[in-house]
There are 2 protein chains.
Amino acid sequence: MAEFKIPGITVYRLALYARTLEKLLEEGRDLISSEELARECGVNSAQLRKDLSYFGQFGVRGVGYSIPGLLKHIRRILGTEREWFMVLMGAGHLGQALLNYEFLPKRGFKFVAAFDVDEEKIGRVINDVYIYHVNQLSWVLREHPAEIGVIATPASAAQEVADLLIENKIKGILNFAPVRIKHPPNVVVENSDLTILFDKLAFYLKRLD
Amino acid sequence: MAEFKIPGITVYRLALYARTLEKLLEEGRDLISSEELARECGVNSAQLRKDLSYFGQFGVRGVGYSIPGLLKHIRRILGTEREWFMVLMGAGHLGQALLNYEFLPKRGFKFVAAFDVDEEKIGRVINDVYIYHVNQLSWVLREHPAEIGVIATPASAAQEVADLLIENKIKGILNFAPVRIKHPPNVVVENSDLTILFDKLAFYLKRLD
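This structure is a prediction, so every number in the text was calculated from the model and none was measured.

Quick look at the pairing of strand β7 (residues 148-151) of chain A
Residue and element names in this part refer to chain A.
- Burial along β7 is two-sided: Ile148 and Val150 and Gly149 and Ile151, pointing in opposite directions, are all buried.
- Where β7 lies against strand β8 (residues 172-175), 4 bridges are found, and the strand directions are parallel. Bridging from a neighbouring strand, Gly149 pairs with Ile173 of β8.
- Between β7 and its parallel partner β8, the chain crosses via helix α8 (residues 155-167), and the hand of that crossover is right-handed.

Structure (structure tokens):
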């Protein structure tokens, strides 16, 4: 389907619009012009209108967008109007930080189980999520179905863990390990690269004085 | 200066181009057309050329870009051709994951010290970085100057810690706490929002079948 071709950076902007609309809604706002919304998001308004026009027609000329209406619509486009169930692979520092990251369940992303190979971690419960041995993955997924696997293992284990997720019919992988994951075309992999944030900071910092 | 107005999303793309060029360089590539580079980055080639034209003229018509040349240039634009020294505020799970994140020092972002209030953590050394009590910040910064403060505390402590960094002349803050930081205009704050990654994954996953 044509929508599948939409580049990652457009989807990134949609997610950014959703975050900004959520913030405006919390501030009690109801309506916004495309110019103001674009400014709040740090994009130009032609870009904003173009992004939204991919997915249909919104907004009323001269009035602007209904904030709750547009947010609801963007969430439907993103697929975040529903809940997604996830398994966490690797309960080290990053994994535990993710289990405790309150924004995820708030936005519908819920861990049903965590997995590790460290006997000291197995059996512990973090933020209501039980840590199993990685060997128990198939069994746990039968009891607690999930669609997303989050990889927070060391780089050396990431491919093996990804293969295991794929064998177990997980179709979406979010990879925090600093390594590229090989995967069949019917599996979606998003790679997290935290260093991009540091680059952005350096850019603005360099221009500060 | 005019460059300072450049929107965050353009800088994000520059960082993305840098990552892609690094990958191509590792693969032994030397030259690339703007079309191929754009495709590798998931943007359109008009966008790529426009982004780069902000900062001068590169590439040779009909030949394309020199990968090492363009990478060097983008690093200079981003300010990542040099080293940046950082302090970490909060040595919990996320903080410790950042101390162990090998890509940061590799790209010139180096922690000189970490700070916490938990007596059990103070005095420990993680990946060669010593954990001090937060009260020792001024003293440590005199010994080990730093320009960037990374906040990895709970949301409830983030503003207080940011104020402390700002008092101590830190001009760049990367905030991983899920809360907005108030700051004077001569301080740059970048907020990390990990949920955007999960949104992107949901978008593609929804369209998979």
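Topic: the UniProt feature "domain: CoA-binding" (unreviewed entry) in chain A
- Within the UniProt annotation, "domain: CoA-binding" (unreviewed entry) is assigned to residues 79-180 of chain A.
- Between the C-alpha atoms that bound residues 79-180 of chain A the distance is 25 Å, and the span itself is 30% helix and 28% strand.

Some points on the pairing of strand β4 (residues 109-116) of chain A
All names here are of chain A.
- The buried fraction of β4 is high, at 6 of 8 residues.
- Relative to strand β6 (residues 129-133), β4 runs parallel, the two sharing 3 bridges. Paired with Phe115 across the strands is Tyr132, a residue of β6.

So, the relation of the copies chain B and chain A
- Between the two copies, chain B and chain A, the superposition gives an RMSD of 0.0 Å; the rotation angle is 180° and the shift along the axis is 0.0 Å. A rotation of that kind, with that shift, is consistent with a two-fold axis. Taking C-alpha positions as the reference, the residue of chain B nearest the rotation axis is B:His93, at 2.2 Å.
- By residue overlap, the copies meet face to face through one surface: 99% of the interface positions of chain B are interface positions in chain A.

Overview of the side chain of A:Asp116
Residues and elements named next belong to chain A.
- Mapped onto the fold, Asp116 is located in strand β4.
- No salt bridge forms around the buried Asp116; measuring N to O, its nearest opposite-charge neighbour Lys121 is 4.0 Å away.
- Polar side-chain contacts of Asp116 include one of 2.7 Å to the backbone nitrogen of Ala91.
- Separated by 3.0 Å, the side chain of Asp116 and the backbone nitrogen of Asp118 make a polar contact.
- With residues near it in sequence (within four places) discarded, Asp116 still touches Gly90, Ala91, Gly92, Lys121, Ile122, Ile131, Tyr132, His133 and Val134.

Quick look at the UniProt feature "DNA-binding region" (unreviewed entry) in chain A
- What UniProt calls "DNA-binding region" (unreviewed entry) maps, in this numbering, to residues 16-55 of chain A.
- Along residues 16-55 of chain A, the helical share is 70% and the strand share 5%, with 16 Å between the first and last C-alpha atoms.

Details of helix α3 (residues 45-53) of chain B
- Buried within α3(B) we find B:Ser45, B:Gln47, B:Leu48, B:Asp51 and B:Leu52. Mapping the buried residues of α3(B) onto a view down its axis gives an arc of 155°, with all of them on the same face.
- Residues of α3(B) that are buried make contact with α3 (45-53) of chain A together with α1 (8-26), α2 (34-41), β2 (65-66) and α4 (67-78) of chain B.

A word on the interface of chain B and chain A
- At the interface, 70 residues of chain B touch 69 residues of chain A.
- At the boundary of chain B with chain A, the tally comes to 8 salt bridges.
- Across the salt bridge formed by A:Arg107 and B:Asp193, the nearest N and O atoms sit 4.0 Å from each other.
- If you look at where chain B meets chain A, you find 23 residue pairs in polar contact (both at pLDDT 80 or more).
- At 12 residues, the largest contribution of residues to the side of chain B that touches chain A is made by helix α9 (residues 195-206) of chain B.

What counts, and at which threshold
Residues numbered from 1 in each chain as written. Chains lettered and ligands numbered in written order. Predicted model: local features only at pLDDT ≥ 70, side-chain atom pairs only at ≥ 80, totals over all residues. Heavy atoms only, no water. Buried < 20%, exposed > 50% of the residue type's maximum accessible area, 1.4 Å probe, protein only. Helix = DSSP H or I, 4+ residues; strand = E, 2+ residues; numbered from the N terminus. Pairing = 2+ DSSP bridges. Right-handed = clockwise from strand over helix to strand, strands pointing away. UniProt positions renumbered as here; feature names shortened; annotations may be inferred. Least-squares fit on C-alpha atoms with pLDDT ≥ 70 in both. Contact = heavy atoms within 4.5 Å. Lys, Arg positive; Asp, Glu negative; His and termini not counted. Salt bridge = Lys/Arg side-chain N within 4 Å of Asp/Glu carboxyl O. Polar contact = N/O pair within 3.5 Å; in protein donor to acceptor, adjacent residues only side chain to side chain. Arc of directions from axis to C-beta.

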